[in-house]
Amino acid sequence: MASEGASAIGHASSWGYACFLTVNATSVWGGIFPFLPLEFQTVEVTLVFFLAQAVAFGGAFLASMLGSYYFPYGARRMLVSLSAILLFLGSACLIAAMYVASATLLLVGAGGVLLGVGCAGMFMLWQRYFASLDARQGNFRLIVGTAIAPFIYFALYLVPIALTAFLVPLIFVPLCGLCVALSVREMNFEQPMFEDVPRQHPRVYRQAVAGYWRSALCVGSLAFASGVIRGVALLHEEISSLVNSASMLGALLSAVVLLVLWHRMSFRFGLISVFRVAYPLLITGFLLLPFCGPIYLNAFAAVAYMVFSLVQMLMMMQCAQVSRDRGINPVFIYGFFGAVAYILQSLGFLFGWASDLVVPTGSQWLYFVAIIASYGLGLTLLVSTGTLVRPLVTKGAVTMDPIEFVSLAAAPSKAEARPVPASSHESGEVASGLPNAPAAAVADSAPVKRRRRRASASEDAGAIRDRLSKQCLVLQERYGLSMREAEVMELIARGNSMAAIADRLVISENTVRTHAKHIYTKLDIHRRQELLDMLSELGD
């Protein structure tokens, strides 16, 4: 655990992602530009920037989703230089706007578009990288990078503002691009998620959208709430300087809490569950908004942005897991989530800003804000629970895969592997493509804490109803298999072919082979018969 943590903290990906979050927070996340002179940040300048940035940001995610589906070969290119150049040019436009008064709004609008597209592109690059790693390594580096970012961000306050405005585009943007380029070298592009041609498996992608649109809507609802606060921040100087700091503090707090829990226990949860926990807090906050003063407004703005920072990190983890489990292009699924979330955040921003113009009589506009925001959150809760719109159950579909964290304290330990003769590989087995080198086994002395099993909608896997399914659960917990790997393992043990498993789980056969390879590697076996032998040795 200590060596793994030190490796993640010192890895280029963690620091590169932290630098990017810092760049993002200085221009996109908050209600103001924290390192530009306040006299420059008039209502017109700020409004033009965030309108341009919001449209470009959400539009870039939507375009990426559609592009990865219809033009998958072009979407596989890692355009690191392009994203970095767009970020640099966007920051340069904002700096130039301070000195060219005759073209201030034009330069600010151009800066918003460039930064919006550049930040969206950089998010896509990091998402592809973290998704390409195994869940344990990818999530760990993502969380560590999120935890480092606030320290870098607040350190910028020690530098004079006149220097910081130039420091971000000249130092942090190139550094982020360099770290992405270095991290990309260790990516394995031979995984199904990168090799898949979406239009060859349209059912897989339709099933993913049908299975996760509720989760995306929950993220979008929380993004809408943060957007409302960002719009309100333009009208209240007392909170405008708070939203950036609150988002970074929320990121730090979320990352630390996740790391502590992950070290102590195994757990799993989904984005809908996070929304249900955050819902009472946010709806209560909005309903109290008209009755409390500026101090409460400050506190609620901070809480709203802290929640959104947490959800943004979890959204990346969820999308990465969907890509691994279902063999879906990571740009497609992240573009889908991002388009829903950031378009709704932009609508929330417009609503929060325009509400004072719609209801200009004193403080009554806060009642209007509270009613509309609470109504939107309430509808999302009804939809996410299936009360308002019942979920569609398709034959062969599987339940949504939650984000899984297998306890770091109970991590699998290396053990001496068994030599396997070359003749043990059977022609046509699911394990085809496995390396001949022996894999590491898991020590029985470090069992994973028993977790509650969520039933699956597939017919042959998931639900514990007989001896075989119970034995598969034991292997899952002992060897640290994910829920999807355990599901595939049970289907293999029941004698299903690759084609049958792919059809039942709504994934491609290539993805099934990849899951089988990971399963056999973790179990230190090479064929189905060895799996059956392991299961029979467990007894009842």
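This structure is a prediction, so every number in the text was calculated from the model and none was measured.

A.B. asks: Explain the overall build of the protein chain here, please?
C.D. replies: Scanning the protein chain from N- to C-terminus turns up 21 helices and two strands. Across the 540 residues in the protein chain, those meeting the buried criterion constitute 57%. Long-range contacts, defined here as pairs at least 24 residues apart, represent 83% of the contacts in the protein chain between residues at least 6 apart. Of the roughly 21800 Å² that the protein chain leaves accessible, carbon and sulfur atoms contribute 66%.

A.B. asks: I keep staring at the nonpolar core and nothing clicks. Help me out?
C.D. replies: Buried together is how nonpolar side chains tend to be arranged in soluble globular proteins. Counting 130 residues, the largest nonpolar core has F20 and W126 as the members making the most contacts within it. Among the elements that take part in this core, helix 14 (residues 294-326) stands out by supplying 17 residues, more than any other. Filtering out sequence-adjacent residues up to four positions away, W126 remains in contact with S13, G16, Y17, F20, C176, C179, V180, S183 and M316. In this structure, Y479, V488, I519 and L531 belong to the second largest nonpolar core, which totals 24 residues.

A.B. asks: How do you make sense of the packing of helix 3 (residues 43-70) against helix 6 (residues 104-132) when you look at a structure like this?
C.D. replies: For the pair helix 3 and helix 6, interaxial distance at closest approach is 7 Å and the crossing angle is 30 degrees. Considering how the two elements wind past one another, helix 3 and helix 6 form a crossing that is right-handed. A breakdown of the residues in the contact of helix 3 with helix 6 according to their chemical character gives 17 nonpolar, seven polar and one charged.

A.B. asks: I would appreciate a short explanation of the pattern of salt bridges in the present structure.
C.D. replies: Two side chains bearing opposite charge may form a pair once their charged atoms approach each other closely. Applying the stated criterion across every chain yields a total of seven salt bridges. Its salt-bridge partner being R513, residue E509 comes within 3.7 Å of it at the nearest N-O pair. Residue E509 and its partner R513 are located together in helix 20 (residues 509-523), separated by four residues, close to a single helical turn. On the basis of relative accessibility, which here comes to 28%, the residue R513 falls in the partly exposed class.

A.B. asks: Hey, could you run me through helix 21 (residues 528-538) in this one?
C.D. replies: In an α-helix, one turn spans 3.6 residues, which is why side chains three or four residues apart end up on the same side. For helix 21, every residue scored as buried is listed here: E530, L531, M534 and L535. For helix 21, the arc enclosing every buried residue in end-on projection is 140 degrees, short of the 170-degree limit, so these residues lie on one face.

A.B. asks: Help me out: how do you make sense of the confidence of the model for the protein chain in this one?
C.D. replies: Keep in mind that low pLDDT regions are not for reading the predicted coordinates in detail. Across the protein chain, pLDDT averages 80, with 80% of residues at or above 70. The model gives residues 393-399 a pLDDT under 50, and that stretch makes 22 contacts with residues more than four places away or in other chains.

A.B. asks: Would you take a moment to explain the side chain of E404 for this structure?
C.D. replies: The topology assignment puts E404 in strand 2 (residues 403-405). Engagement of the side chain of E404 in a polar contact is seen with the backbone nitrogen of M483, the distance being 3.0 Å.

A.B. asks: Would you mind going over the environment of Y296 with me for this structure?
C.D. replies: Locating Y296 in the fold gives a position in helix 14. Along the backbone, Y296 and G285 are eleven residues apart, and their C-alpha atoms lie at a distance of 9.0 Å. Here the side chain of Y296 touches G285 through a polar contact of 2.7 Å, landing on its backbone oxygen.

A.B. asks: Would you take a moment to explain helix 17 (residues 467-479) for this structure?
C.D. replies: The first and last C-alpha atoms of helix 17 sit 18 Å apart over 13 residues, in line with the 18 Å expected at 1.5 Å per residue. Along helix 17, the residues classified as buried are L468, S469, Q471, C472, L473, L475, Q476, E477 and Y479. Taken together, the buried residues of helix 17 touch strand 1 (267-269), strand 2, helix 18 (483-493), helix 20 and helix 21. Following helix 17 by one or two positions, G480 has its phi on the positive side, about 70 degrees.

A.B. asks: Please explain a nonpolar patch on the surface as it appears in this structure.
C.D. replies: A contiguous nonpolar surface patch, about 710 Å² in accessible area, is contributed by L51, L62, L66, Y70, F71, I343, L347 and L350. Within the residue set of the nonpolar patch, elements represented by two or more residues are helix 3 and helix 15 (330-358). For the nonpolar patch, the element with the highest residue contribution is helix 3, accounting for four residues. On the secondary structure map, L51 appears in helix 3.

A.B. asks: Honestly, unusual backbone geometry in this entry has me stumped. Any pointers?
C.D. replies: Residues apart from glycine generally show negative phi values, whereas peptide bonds are mostly found in trans. A positive phi is found at V506, a non-glycine position, where the angle reads about 60 degrees. Judged by its relative accessible area of 2%, V506 is buried. We note that D524 has phi near 60 degrees; this positive angle belongs to a residue other than glycine. As for its position among the elements, D524 is in the loop between helix 20 and helix 21. The class of D524 is buried, set by a relative accessible area of 3%.

A.B. asks: How do you make sense of the packing of aromatic side chains when you look at a structure like this?
C.D. replies: Any pair of aromatic rings gets described here by the distance separating the centres and the angle formed by the planes. For the structure shown, the criterion picks out 36 aromatic pairs. Taking the centre distance of 5.1 Å and the plane angle of 80 degrees together, the rings of W262 and F405 count as edge-to-face. One end of the pair, W262, is in helix 12 (residues 243-264); the other, F405, is in strand 2, with 143 residues separating them in the sequence. The burial state of W262 is the same as that of F405; both residues are buried. Consider the rings of F308 and Y342, whose centres lie 6.4 Å apart with planes at 90 degrees: the pair is edge-to-face. Here the residue F308 occupies a position in helix 14, and Y342 occupies one in helix 15, the gap between them amounting to 34 residues.

A.B. asks: In this structure, what is going on with the side chain of S323? I would like to understand it.
C.D. replies: Note that S323 resides in helix 14. Judged by its relative accessible area of 1%, S323 falls in the buried class. Beyond its immediate stretch of four places on either side in the chain, S323 contacts A131, M193, I328, N329, P330 and I333.

A.B. asks: What exactly am I supposed to notice about the packing of helix 7 (residues 135-155) against helix 12 here?
C.D. replies: Each pair of packed helices can be described by the angle between their axes along with the distance between the axes. Taken N-terminus to C-terminus, the directions of helix 7 and helix 12 make an angle of 140 degrees; their axes are 9 Å apart at the nearest point. Helix 12 is crossed by helix 7, and the crossing has left-handed handedness. Residues R136, N139, F140, I143, T146, A147, A149, P150, F151, Y153 and F154 of helix 7 form the contact with helix 12, whose own contacting residues are N244, S245, M248, L249, A251, L252, A255, L258, L259 and W262. Of the residues that constitute the contact of helix 7 with helix 12, the class distribution is 16 nonpolar, four polar and one charged.

A.B. asks: What's the story with the state of the cysteines in this structure? I'm lost.
C.D. replies: Between two cysteines, a covalent bond joining their sulfur atoms is known as a disulfide. Applying the stated rule across the entire model yields zero disulfides. With no disulfide of its own, C119 has C176 as its nearest cysteine by sulfur position, at a separation of 9.2 Å. In this structure C119 comes out as buried when scored by relative accessible area, which is 0%. On the basis of relative accessible area, C176 is assigned to the buried category, the value being 1%.

Parameters and conventions
- Throughout this document, residue positions are counted from 1 along each chain, in the order its sequence is written.
- Side-chain atom pairs in this predicted model are given and counted only at pLDDT of 80 or more, local residue features only at pLDDT of at least 70, and totals for whole chains, interfaces and linings cover all residues.
- Only hydrogens and water are set aside when side-chain values are computed; all heavy atoms of the structure are taken into account.
- Every helix listed is a DSSP run of H or I at least four residues long, and every strand listed is a run of E at least two residues long, numbered separately from the N terminus.
- Exposure classes here rest on a 1.4 Å probe applied to the protein chains alone. A residue is buried below 20% of its type maximum, exposed above 50%, and partly exposed in between.
- By definition in these notes, contact holds between two residues if any of their heavy atoms fall within 4.5 Å.
- Per-residue and other accessible areas follow the Shrake-Rupley method at a 1.4 Å probe size, with only the shown protein chains counted as cover for residues.
- Think of a nonpolar core as a cluster: buried Ala, Val, Leu, Ile, Met, Phe, Trp, Tyr and Cys residues, connected wherever their side-chain atoms sit within 4.5 Å.
- Fitting a line to C-alpha atoms yields each axis, with helices limited to the stretch in contact; the angle taken between N-to-C directions then spans 0 to 180 degrees.
- For a crossing to be left-handed, the near helix must be turned anticlockwise from the far one by less than a right angle; the clockwise case is right-handed.
- Throughout, the ten residues Ala, Val, Leu, Ile, Met, Phe, Trp, Tyr, Cys and Pro are labelled nonpolar, Asp, Glu, Lys and Arg are labelled charged, and all others, Gly among them, are labelled polar.
- Just to be clear on terms, a salt bridge is a Lys or Arg side-chain nitrogen sitting within 4 Å of an Asp or Glu carboxyl oxygen.
- Along the arc lie the directions from the helix axis toward the C-beta atoms.
- The predictor attaches a confidence to each residue, and that confidence, scored 0 to 100, is pLDDT.
- In the analysis that follows, any N or O atom pair within 3.5 Å is treated as a polar contact, provided that within protein one partner can donate a hydrogen and the other can accept it, and provided that, for residues neighboring in sequence, both atoms belong to side chains.
- Multiplying 1.5 Å by the residue count of a helix minus one yields the expected span of that helix.
- Residues qualify for a patch when their relative accessible area is over 30% and they have no salt bridge, like charges being joined within 9 Å and the nonpolar side chains of Val, Leu, Ile, Met, Phe, Trp and Tyr within 5 Å.
- Here is the rule: rings of Phe, Tyr and Trp (six-membered ring for Trp) pair when centre to centre is within 6.5 Å. Planes less than 30 degrees apart are stacked, more than 60 are edge-to-face, and the remainder are tilted.
- Count a disulfide wherever a pair of cysteine sulfur atoms falls within 2.5 Å.

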